[in-house]
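Summary of the model geometry
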Amino acid sequence: MTTARERPAAVTGAALAQGYITTVAGNGTEGFSGDGHAAPAAQLNGPTAVTVDGQGNLYIGDSHNDRVRKVATDGTITTAAGGGTACDPPFGDGGAATRACLDHPYNVQVTPEGELLITDWEHHVVRKVDTKGIIGTVAGTPTDKGSDGTPLGTYLGGAQAVAQSPDGGFYVATKDELWKVSPDGRTIKRIAGGGTSADDGVPATEARLKEPTGLAVDASGALYLVDSGDNRVRRIGADGKITTVAGTGTAGFSGDGGPATEARLRSPWAVAIDGAGALYISEQGNGRVRKVAADGTIFTLAGTGTPEYSGDGGPAAKAGLNSPAGLGLDQGGNLCIADFENHRIRMVAGATKVRPPSPEDADLSVEPVFPAAAQQQGVSFLLGARVRNRGPATVKGDRVTVTLTLPEGLVGDAGCLQNICTRTFPGTELSPDVGSLDGTFRVHATDTAPPGTRTATVTVSYAYETNPSDNTAQLPITIVKPEPKPRDESALTIVQSVEASAGPGKETAIQVQLSASPAVRVSPGVITQTFKAPKGFVFTNAPTWAYPGGSTGHPDHSIEDQGKTLVVKSNPHVNTGADDQSPLTYTLPMRAESDASPGHSTDGSATIGKDAPIPLSGTVLGTAVKPVSTIGSTAGDDFHQKRNTDFTQIPTVEARDVNGTAVDGARIHFAIVDPNGTGSTFADGTSLTYDTTTRNGGIAHSLAVKAGPHPGDFTIDVTTLDGSGKAVFHLTVD
């Protein structure tokens with residue numbers, strides 16, 4: 001973090017376009033290495049802070065390495081503090097900073113005199129490294145003993161952030177409080193937090209703070225703090241009262257282009273301020289760095305919200321950050337970012353000059369749409385343009401107007417008045433580099449239009465267009481004399497191109513193709529087309545029509561007779577223009593009924609208008625079983641037997657697939673169902689079920705059956721274990 005009064009020099013002389021991002025330290029592999037070498041090749045481990053001194057040297061809170069690293073103006077990285085073994089109080093105080101022990105230095109700040117202030121988080125103290133490299137503790141104590149009114153006698157539990165005050169003292173943020181140490185280092189007092197109020201305009205000492213993680217001071221001396229747990233950035237003015245300058249208190253991501261106080265933040269970490277009064281806020285939870293312009297407008301400066309490492313050499317707003325933490329501005333207006341989970345320090349060039357994108361500014365372009373082939377008199381076709389957005393802003397469709405000016409001989413349909421067609425797009429938005437708006441119109445040449453080529457003009461109008469040079473296109477159209485009038489449906493050849501095929505309860509579809517030779521134009525108008533499902537199938541969902549050129553849609557339809565009938569009312573036209581070339585294909589979604597028996601059926605039909613119906617076929621997949629001749633009797637499934645004696649007839653079934661081929665190895669389940677209580681069982685006297693397998697030509701026999709002691713009827717139900725085949729035997733005890 002940095003203050004406006006630092007105004008440090010540029011970190012790097014690398015030439016980057018304004019608003020573009022690069023990496024200035026860290027290779028992305030967590031660890032510790034690289035001292036004495038180029039900073040981008042070094043290893044960092046969870047950097048949480050970054051700041052720049054007046055000479056352009058960059059300091060990094062390399063938190064998980066328990067060090068403060070320094071990147072000199074020549075790009076070489078070294079250790080400035082930490083890494084020592086003196087890890088008991090006083091943790092190396094009074095000696096060289098590089099021999100001292102730090103424990104998670106979450107924040108580092110450079111004073112105007114070139115000294116370092118470091119929050120030693122786990123030790124609950126603030127350390128200072130003087131210009132000779134000697135370290136000492138200037139506030140806090142490792143022991144929780146409250147406060148005796150002196151900086152070294154006050155417990156600063158979880159000291160996270162530090163900032164130089166205008167009078168030469170400094171501020172330090174702890175878990176839920178904010179303290180100020182006097183310029184002479186003798187006194188300390190709480191100036192914010194510790195209260196219960198979440199309101200603005202109250203004395204800061206009455207305010208409730210939740211994990212303040214970042215501090216910065218503007219040119220007027222006002223103090224800004226990141227109230228991370230409350231998802232806000234607060235300001236404490238000269239009157240000691242606290243207000244909110246960014247965030248609503250509700251975690252989320254919203255508000256770009258609007259007032260910062262109405263925007264949602266998620267886990268903000270750090271804040272920096274430039275000389276113009278603009279704020280920079282890192283959001284770990286949103287993977288972004290937001291900028292609040294001097295007029296209070298918030299927008300995304302860096303990060304896409306996707307936690308990744310990407311985008312170096314391109315616009316920062318399209319780059320991936322992963323839990324961005326500390327921020328530091330250099331004197332050249334570049335913003336350094338501690339990219340915590342990416343173990344890197346990133347830099348946004350010219351960040352102070354990046355202005356909030358206007359909610360209106362965008363570069364739109366037209367992609368002409370016109371028929372490549374000659375068009376006949378009286379035949380409609382699409383003409384116009386698709387509108388694309390190069391950004392930077394998302395465009396509201398109701399502010400975009402497409403105007404098509406037609407030459408003599410062409411007439412527009414809907415949306416056209418005389419030779420001018422216009423369209424806006426209410427209720428839509430066009431994001432940069434994503435999708436398009438369809439600015440096409442259906443037009444036709446009049447019956448008296450002279451044959452030949454003429455030119456239409458399409459223009460995209462947008463009040464905030466940034467590059468109007470490519471917003472107009474010329475559309476050449478060639479008109480020829482009409483062919484004979486289109487014929488009705490009797491000119492169509494109708495075939496089933498795809499058969500329904502599915503197991504019981506499964507989805508499938510039939511396809512029916514309507515075709516005509518290329519020289520034959522067919523357009524019967526809206527007619528009724530009736531489709532009957534083959535046995536074992538029902539229609540389920542909306543049918544789809546499609547042409548080879550890509551045109552597709554859903555016709556008006558109704559499903560009747562509990563799914564057995566589909567009625568379509570549409571115009572099955574083919575070969576009338578470039579977008580309806582033969583064949584027209586109907587796709588009719590279906591489902592095999594759950595109780596359908598396996599087999600092939602051709603009893604469905606398709607009737608297109610006055611044409612004769614054609615058969616529609618379908619196959620219910622599975623294995624069918626049926627009774628066959630039984631041992632000791634003739635073919636049949638009726639059995640009679642005296643009480644308490646074995647049936648001489650043994651129920652026997654045959655399994656065949658849908659093609660009529662015998663199936664060996666099918667699992668068959670025989671089950672005695674005895675609602676009348678005859679007491680009948682299989683011959684072992686106890687079993688009511690018996691499982692076996694077909695063999696020797698698909699044959700399966702049940703066990704012998706023992707008639708019960710009581711007269712009456714019962715059945716033996718036979719099923720395949722996959723449920724696709726069923727049979728029933730009827731038995732009587734006399």
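Structure report, in brief. Within each chain, residues carry numbers counting from 1 in the order of the written sequence. Under the rules for a predicted model, residues below a pLDDT of 70 receive no local features and side-chain atom pairs below 80 are neither given nor counted, while totals for whole chains, interfaces and linings still include all residues. Only hydrogens and water are removed before side-chain values are computed, so all heavy atoms of the structure are retained for them.

Another aspect to go through is the overall build of the chain. In this description a helix means any DSSP run of H or I spanning at least four residues, a strand means any run of E spanning at least two, and both kinds are numbered starting from the N terminus. When helices and strands are counted, the chain shows zero helices and 60 strands. For 734 residues, the compact-globule estimate of 2.2 N^0.38 gives 27 Å, and the chain exceeds it by more than 25% at 41 Å. On the principal axes, the C-alpha backbone points of the chain span a range of 115 × 90 × 50 Å. Burial classes follow relative accessibility: with a 1.4 Å probe on protein chains only, a residue under 20% of its type's maximum area counts as buried, one over 50% as exposed, and anything between as partly exposed. For the chain, the residues scored as buried account for 49% of the 734 residues in total. Contacts: residue pairs with any heavy atoms within 4.5 Å of one another. Excluding contacts between residues fewer than 6 apart, the proportion of contacts in the chain whose partners are at least 24 apart in sequence is 57%. To measure how exposed things are, a 1.4 Å probe is used in the Shrake-Rupley method; for residues, cover is taken only from the protein chains shown. About 30,600 Å² of surface is accessible on the chain, with carbon and sulfur atoms providing 49% of the total. Charge convention: Lys and Arg are scored as positive, Asp and Glu as negative, and His as well as the terminal groups of each chain are ignored. One atom stands in for each charge, and that atom is NZ of Lys, CZ of Arg, CG of Asp or CD of Glu. Here the chain contributes 58 positive and 79 negative side-chain charges, whose respective centroids are spaced 2 Å apart. Using C-alpha atoms as the atom set, the radius of gyration is obtained and then compared with a globule rule of 2.2 Å times the number of residues to the power 0.38.

A large share of strand β4 (residues 58–62) lies buried, amounting to five of its five residues. Covered by surrounding structure in β4 are Leu58, Ile60 and Asp62 together with Tyr59 and Gly61, the residues of both alternating faces. Only strands joined by at least two bridges in the DSSP assignment are considered to pair. Across five bridges, strand β3 (residues 47–52) lies against β4 in antiparallel orientation. If you follow Ala49 over to β4, its bridge partner there is Gly61.

One open sheet holds the four strands; their spatial order is β11-β12-β13-β14, and the pairing between them is antiparallel. What marks the edges here is a single partner per strand, and that holds for β11 (161–164) and β14 (188–193). Between one strand axis and the next, the sheet turns by 25° as a mean value, whatever way the strands run. Alignment of β11 against strand β12 (residues 170–173), held across four bridges, turns out to be antiparallel. Bridge pairing in β12 links Gln164 to Phe170. Axis angles are defined between N-to-C directions and span 0 to 180 degrees, where every axis is a line fitted to C-alpha atoms and, for a helix, only to the segment in contact.

What follows deals with the sheet that holds strand β9 (residues 125–129). Here four strands make up an open sheet; going across it, the order is β7-β8-β9-β10 and the pairing antiparallel. Strand pairing shows two members of the sheet lacking a second neighbour, β7 (105–110) and β10 (135–140), which therefore form its edges. Adjacent strand axes in the sheet meet at a mean angle of 25° when their direction is disregarded. The sheet contact formed by β9 and β10 spans five bridges and is antiparallel. Each residue of the ladder has a partner; that of Val126, found in β10, is Ala139.

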